[in-house]
Each structure stands twice: as structure tokens, then as C-alpha cells.
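A look at the structure
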Amino acid sequence: MSSPSKRRDMDVMKLMMSDYSVETINDGINEFNVEFHGPKESPYEGGVWKVRVELADAYPYKSPSIGFLNKIFHPNVDELSGSVCLDVINQSWSPMFDLLNVFEVFLPQLLLYPNPSDPLNGDAASLMMKDKVQYEQKVKEYCERYAKKEHIENTLTDESEDEVSDDEAFSDRRSISDEEVAGRVDP
């Protein structure tokens, strides 16, 4: 086993043995989801997010790819994709950092100290600069609406769900009776 893969294995195991809930994808350790809680004494307190982590083969020499899977209102997180704009991950990553740093330091710091001058979410950045009280209210509203434990449990992120047959996937949705199907007219 090469040094980067040993380090990757060790970092993932450290994360799994910590207080974080880690859910592997496709039984590998290159892709997984982590349950992340908003920092105390912040507008994000009480929020729970599922964060997707993808590790390149060159990890730890190449930074992990990090993205929020459920919605978060933040100037440095793209609202649609969940991508994170964080210099320490995107530009100044060092092999000295590990995955615990991401979840114990980098992401909490991102939520505690947003940078509206380098936004991925222009609406959040603009609101934060114009009206901090209204910005914090919207953050709390998003936490209530999208970042509760039940929201991350319902987030469809497991790659194995892509392998489900059309019949199985359809059975999870509202069923259509034979009368409804028969009653439809093709235009």
C-alpha cells in the first residue's frame, strides 16, 4: 500500500472513530457522507447537514472535495450544488491537514465567519452586508426548513439508489391506479 493510501485510510478511520457519523458510499473510503452540526452560538446552531466528501487518489497531497447535500444559506456555499468556497480547502490545502481539521476547524470557522466579499451565493452575501439581522433570520429559517436530522435522513445521496430498477424506484413514489393510466389521453 502506498503512503497516500495509508494516510487516506488512517484519516477516514480517525473520522469514523470520532463523534461524527460517517456513511460510506459504494463500500469504499474515497466517497462518503458526514453528519455535520452547526457551531454553537451561531445562527447555524441546531442545524444538521449531510456533507459529501470525495477524496482524490492523491489525497492528502490533493485536497478533499467538500459539498453540503442539504440546503444551507451562506455566502460561501453555492445554494444549488452545495459547493464550498474555502481557501484552506480550495487553494492553500496542505498534507499537514486531515479530515478532522475539515470538520472540527475549517467548516465551523466557515459558518462562524462568512466572507461576503468572495461569494458563491450572491443573495446571501448581499443580505449579510445590507442587513445582518435579516441575514441571520434567513439562516435560521433555512436551518429549520432544510437542516434537521430528518432532512438528512431523507436526502437521497446513496449511490446504490441509482442502481435501483425503475419499478423499485417508482414503488417508492405515489402509485398510479390502472384507471388513472387508462384515463390519460396522449396529446
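Up top you'll find the structure we're talking about.
The structure reproduced in this document is the subject of the present report. (Residues numbered from 1 in each chain as written. Predicted model: local features only at pLDDT ≥ 70, side-chain atom pairs only at ≥ 80, totals over all residues. Heavy atoms only, no water.)

Going through the model one piece at a time under the given rule, you end up with 11 aromatic pairs. Here the aromatic residues Y20, F36, Y44, W49, F68 and F103 are joined through ring pairs into a cluster of three or more. (Phe/Tyr/Trp six-rings, centres within 6.5 Å; stacked < 30°, edge-to-face > 60°.)

Next up on the list: the pairing of strand 2 (residues 31-37). Across the seven residues that make up strand 2, a large majority, five, are buried. Relative to strand 2, strand 1 (residues 22-24) runs antiparallel, the two being bridged by three bridges. Counted as the bridge partner of E23 is N33 from strand 2. In sequence, strand 1 turns back onto strand 2 through a hairpin of six residues, with N26 there showing a positive phi of about 55°. Across seven bridges, the pairing between strand 2 and strand 3 (residues 48-54) is antiparallel. Counted as the bridge partner of N33 is R52 from strand 3. (Buried < 20%, exposed > 50% of the residue type's maximum accessible area, 1.4 Å probe, protein only. Helix = DSSP H or I, 4+ residues; strand = E, 2+ residues; numbered from the N terminus. Pairing = 2+ DSSP bridges.)

This part takes up the side chain of D98. For D98, the location among the structural elements is in the loop between helix 2 (87-90) and helix 3 (99-112). For D98, the side chain forms a polar contact with the side chain of K14, separated by 2.7 Å. If sequence neighbours within four positions are ignored, D98 has contacts with R7, D11, K14, Y59 and W93. (Polar contact = N/O pair within 3.5 Å; in protein donor to acceptor, adjacent residues only side chain to side chain. Contact = heavy atoms within 4.5 Å.)

Summed over the entire model, instances satisfying the criterion amount to eight salt bridges. Between D98 and K14 there is a salt bridge, with the nearest N and O atoms lying 2.7 Å from each other. Of this pair, D98 sits in the loop between helix 2 and helix 3 while K14 is found in helix 1 (residues 3-17), placing the two residues 84 residues apart along the sequence. Note that K50 is salt-bridged to E23, the shortest N-O span being 3.6 Å. Placement of K50 in strand 3 and of E23 in strand 1 is noted, with a sequence separation of 27 residues between them. For E23, a relative accessible area of 32% corresponds to the partly exposed category. Ionic contacts of the salt-bridge type, sharing partners, join the residues E31, R52 and E54 into one network. (Salt bridge = Lys/Arg side-chain N within 4 Å of Asp/Glu carboxyl O.)

Here the focus is the environment of F106. Within the fold, F106 resides in helix 3. Judged by its relative accessible area of 10%, F106 is buried. Separated by 19 residues in sequence, F106 and D87 place their C-alpha atoms 9.7 Å apart. Excluding its chain neighbours within four sequence positions, the residues that come into contact with F106 are L86, V88, I89, W93, F97 and N101.

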